Amino acid sequence: MIRLTSQITVLKTCVILSLLLFLFNQGCNSLCGKETEENSNIASYAADIHVVFTGEENGYLEPCGCSEKQLGGFSKRHTLINHLREKDDNLLLLSLGDLTGKVGRQDEIKMETAFESLDLMGYAAHNLGEKDLEMGTDLLGYLSQISNVDLLSSNIVFTAEVLGIKQYVIKEIKTEDTTLSVGILGIVSPELIDSAYQDMEIIDPVVSLTPLLSDLRDKTDILILLSHAEMEESIVIAEACPELDLIISGHLVDRPDLYREKVINTYVIPVGEKGKYVGEITLSPQQKQTGEDEYFNRIPPVIEITPLDERFADSPDIAMLLKIYQQRLADEELLAQVFKSDLPSNLTFIANNDCAACHNKIFKHWEGTGHASAYETLVKAEHEYDPECVECHVIGLNYFTGFETMESTPELKGVGCESCHGAGSDHKETQSSDYGRVSVEICEICHNDEHSSNFEFNDYWQKIKHPREEE
Ligand code: HEC
Ligand code: HEC
Ligand code: HEC
Ligand code: HEC
């Protein structure tokens, strides 16, 4: 109890501190002119480096379109990156890790699509997160071979041969006056790994980083760590590894625009979740007093976090990759391979027409609601072969006797009577009044935060309320 309270206090302090820091930074930004003027007196200045960072997509390649105002998606991200590139051709694009959210064939195809997208956008490196590791070393090795994006992990030792996964990456960035070397490292927190892997060993991050950093310190001007860990752990790493200029981090931070830390001279910045935001950091390295061509990072970086909202158009190039992704799901017939559970008590789905025989008035009314045409919505959106969408837009995809494909079970398309009332085979026989109680929780299986952020039972039910059968 005491521990809990003190943690909450620490958390509160952190939030307050980070808010202060945020406000402080905002203040700094507006004083920028003054700042550079002062700094120009100190040492020569090597031009800005712009680092763009994203991560923790967790399977969200694009917003589903279920609700308004959903943020994120690779298509919008590409448009933003193209826009940033107009200002600086040397953008350094970094990916923190966790492109996918689940495992299975669909996620393998998704991982390939996500990786092709990173490649197309010109990412320099992708750090391996715990979800990426679940894709297996064969797929990771393959991805490292087919793309220009470097796969990176500083704290995983692979016991089997995995082609092309690097311990660190050094990128040379040419500026007007000089060339700067940026060292990029990446870790995944052992705390996040719950699978037992035969072909890899995950080492303590600080233990693996220490020798690498002492080696890289002299070879590079700037050191960046992609830290696939919670902020708290990344802060510990920052304390142990002062050589790092920047740590990109942050599991479980849903508003990266409101939270950041500074540990001595290392900035620790979260990416947020589901690819909703894109971060951009402007570093302004300065020449060291030694007079040699060595630079270090003195000016506080300018950090900008951009929510990917409707201001950004979809990039046609990424839209094409996503279209191919949908086509692959269709070609491999993944809908027919969805894992199914048994319904309780040997029940089966009987479909809406059977209910209509006895509840005709309700049926006629239902036909006019959005639920009845929920499958057609997916056809319009060209996602009708995507199990991750179909799940909520039909009856019982995840159960035996539920929807399979349009060819085999067309009568179960759409959000039907049994999506809310449950499988009706027994009720059809008994006509029992015990059947089919619907609670708010049933609605919320589909109308959850992600897919229906405005859901409120009374409002929503009013819109689709059944007429009374006896009237
Ligand atoms: C967890 C369940 C769930 C999943 C998964 C889901 N949807 Fe939806 N979808 C909904 C709900 C609920 C609504 C209605 C939201 C509302 O009106 O508040 C909806 C609405 C929509 C709409 C808007 C319909 C309209 O006419 O306004 C589109 C388009 C859509 N979904 C497409 C998709 C696509 C594409 C996917 C897969 C990428 C998907 N959905 C996955 C539950 C889901
Ligand atoms: C053969 C006729 C018949 C069929 C088919 C049938 N029902 Fe019924 N249903 C009834 C009758 C009769 C009642 C009224 C029971 C009572 O009030 O005693 C009823 C009651 C209900 C109730 C209300 C229970 C309550 O009193 O709160 C729901 C919900 C319901 N049915 C849904 C369905 C659904 C969904 C289907 C299709 C899966 C379906 N019914 C199929 C005859 C049928
Ligand atoms: C199996 C998933 C699922 C369940 C369960 C579900 N919905 Fe929906 N709902 C959807 C989807 C999908 C849509 C979007 C339909 C479309 O337009 O394509 C939707 C749309 C709606 C809409 C807008 C439709 C219109 O005609 O304007 C309302 C209102 C709604 N749902 C209310 C509810 C309520 C209330 C419940 C619970 C009693 C519920 N839903 C349960 C999936 C579901
Ligand atoms: C979006 C979820 C949803 C869908 C789809 C749905 N229902 Fe219902 N139904 C409900 C809820 C919620 C209630 C409880 C209504 C209440 O408490 O007033 C209900 C009540 C009923 C009742 C009892 C009504 C009464 O007057 O006592 C029947 C019968 C019924 N539904 C049949 C159907 C049939 C038949 C279909 C398909 C044509 C269907 N429902 C589709 C959510 C749904």
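It should be noted that the structure appears before, not after, this text.
The notes below deal with the structure included here.

Rules behind the numbers
- Residues numbered from 1 in each chain as written.
- Chains lettered and ligands numbered in written order.
- Predicted model: local features only at pLDDT ≥ 70, side-chain atom pairs only at ≥ 80, totals over all residues.
- Heavy atoms only, no water.
- Donors = N, O, S within 2.8 Å, 3.2 Å for Na, K, Ca; no water.
- Tetrahedral: all angles 85-135°; square planar, octahedral: opposite > 155°, others 65-115°.
- Helix = DSSP H or I, 4+ residues; strand = E, 2+ residues; numbered from the N terminus.
- Buried < 20%, exposed > 50% of the residue type's maximum accessible area, 1.4 Å probe, protein only.
- Pairing = 2+ DSSP bridges.
- Axes fitted to C-alpha atoms, helices over the stretch in contact; angles between N-to-C directions.
- Contact = heavy atoms within 4.5 Å.

**Some words on the coordination of the iron atom of ligand 2**
Taken together, His359 (NE2) and His427 (NE2) make up the protein donors of the iron atom of ligand 2, found 1.9 to 2.0 Å from the metal. If you look at the iron atom of ligand 2, its six donor atoms make angles of 88 to 177° with each other, and the shape they trace is octahedral. In this pair, His359 is assigned in the loop between helix 10 (352–356) and helix 11 (360–367) and His427 in helix 15 (residues 425–430), connecting sequence segments 68 residues apart. A residue is classified by how much of its surface remains accessible, and His359, at 33% relative accessible area, is partly exposed. Residue class for His427 comes out buried when judged on its relative accessible area of 19%.

**Let's talk about unusual backbone geometry**
Of note, the phi angle at Glu333 is positive, near 50°, even though the residue is not glycine. Counting through the fold element by element, Glu333 comes out in the loop between helix 9 (316–331) and helix 10. Here the phi dihedral of Glu382 falls at roughly 55°; this positive angle occurs in a residue that is not glycine. Topologically, Glu382 is positioned in the loop between helix 12 (374–380) and helix 13 (387–393).

**Some remarks on the sheet that holds strand 12 (residues 261–263)**
Consider a sheet: its strands pair through backbone hydrogen bonds, and that pairing is either parallel or antiparallel. The six strands lie next to each other as 7-8-10-11-13-12, forming an open sheet whose pairing is mixed. Since the sheet does not close on itself, it has two edges, and those belong to strand 7 (168–174) and strand 12, each with one partner. Neighbouring strand axes in the sheet, compared pairwise and without regard to direction, differ in orientation by 20° on average. With respect to the sheet, helix 7 (residues 205–216) is in contact with strand 7, strand 8 (179–188) and strand 10 (222–228), its orientation differing from that of strand 8 by roughly 165°.

**Some points on the coordination of the iron atom of ligand 1**
Geometrically, a metal with four donors at the corners of a regular tetrahedron has ideal angles of 109.5 degrees, and one with six donors at the corners of a regular octahedron has ideal angles of 90 or 180 degrees. Those protein atoms acting as donors to the iron atom of ligand 1 are Cys66 (SG) and His393 (NE2), and they sit at 2.2 to 2.3 Å. Because the angles between the six donor atoms bound to the iron atom of ligand 1 fall within 86 to 178°, the donor set is best described as octahedral. Here the residue Cys66 occupies a position in the loop between strand 1 (49–54) and helix 3 (74–87), and His393 occupies one in helix 13, the gap between them amounting to 327 residues. A residue is classified by how much of its surface remains accessible, and His393, at 17% relative accessible area, is buried.

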